[in-house]
Amino acid sequence: MLIRQRIAADNPRLLDIWLGAVRATHHFLEASDIDGLLPQVRDLYLPAVEVWVATDADDRPLGFIGLNETHVEMLFIEPDLRGRGIGRALLDFMRESRDPLSVDVNEQNPQAVGFYLHYGFVQTGRSPIDGEGRPFPLLHMSLPKPQGV
C-alpha cells in the first residue's frame, strides 16, 4: 500500500468510497440524508481539506483521510477492505507530521468510535448536534502525546 496526496482524477473514486462507507456504517442516516450530503462532500468538503489517499499497487484508491491542519475531518475506507489496517496506516502516516491529532466522530457510528478508541484517541467532549445543526451527536476526541515526548 502507498499513501500519496490526492489528485483531481481520484475524486470520483473517493466519492464512491465515501458513499459505500457511509451506507455501511452510518445507519442513523436516511437514504435522503446521504443523497443530500453527496454533493456537499463533492463540492464543499473534499475541496476544503488536505486529502491523502491509500492506494494499491495499481494506484487504485482504497481509502482516504482529509485533514484541516491537525484535525481529521474525514477518514473513509472501501467497505470491503475495512479491518485490514488501511485506516490505521493513514493515521500513522499523518502522525509523522501532524501531532496531536483530533477528530469529531458521530456518536451513532459505534464502529468508528471503537476504531478511534482502539487507536488511542480519548473523548474530550460531546456535542448534541453535528456541525450543521442536525440531531446527530458528535464525540470530540484527541490523541494524547506519548509519555516522555
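Residues numbered from 1 in each chain as written. Predicted model: local features only at pLDDT ≥ 70, side-chain atom pairs only at ≥ 80, totals over all residues. Heavy atoms only, no water.

A. How the structure looks around the overall build of the protein. A tally of helices and strands in the protein yields 4 helices and 7 strands. The order of helices and strands in the protein, counted from the N terminus, is β-α-α-β-β-β-α-β-α-β-β. Taking 2.2 N^0.38 as the reference for a compact globule, 149 residues should give roughly 15 Å; the C-alpha atoms of the protein span a radius of gyration of 15 Å, in line with that estimate. Taking the principal axes of its C-alpha atoms as reference, the protein extends roughly 40 × 40 × 25 Å. Counting over 149 residues, the protein shows a buried share of 44%. (Helix = DSSP H or I, 4+ residues; strand = E, 2+ residues; numbered from the N terminus. Rg over C-alpha atoms; globule rule 2.2 N^0.38 Å. Buried < 20%, exposed > 50% of the residue type's maximum accessible area, 1.4 Å probe, protein only.)

B. Seen up close, the side chain of Ser 127. Checked against the element boundaries, Ser 127 lands in strand β6 (residues 122-127). Separated by 2.5 Å, the side chains of Ser 127 and His 140 make a polar contact. Residues in contact with Ser 127, not counting those within four places in the same chain, are Pro 137, Leu 138 and His 140. (Polar contact = N/O pair within 3.5 Å; in protein donor to acceptor, adjacent residues only side chain to side chain. Contact = heavy atoms within 4.5 Å.)

Keep in mind these values describe shape, not function.
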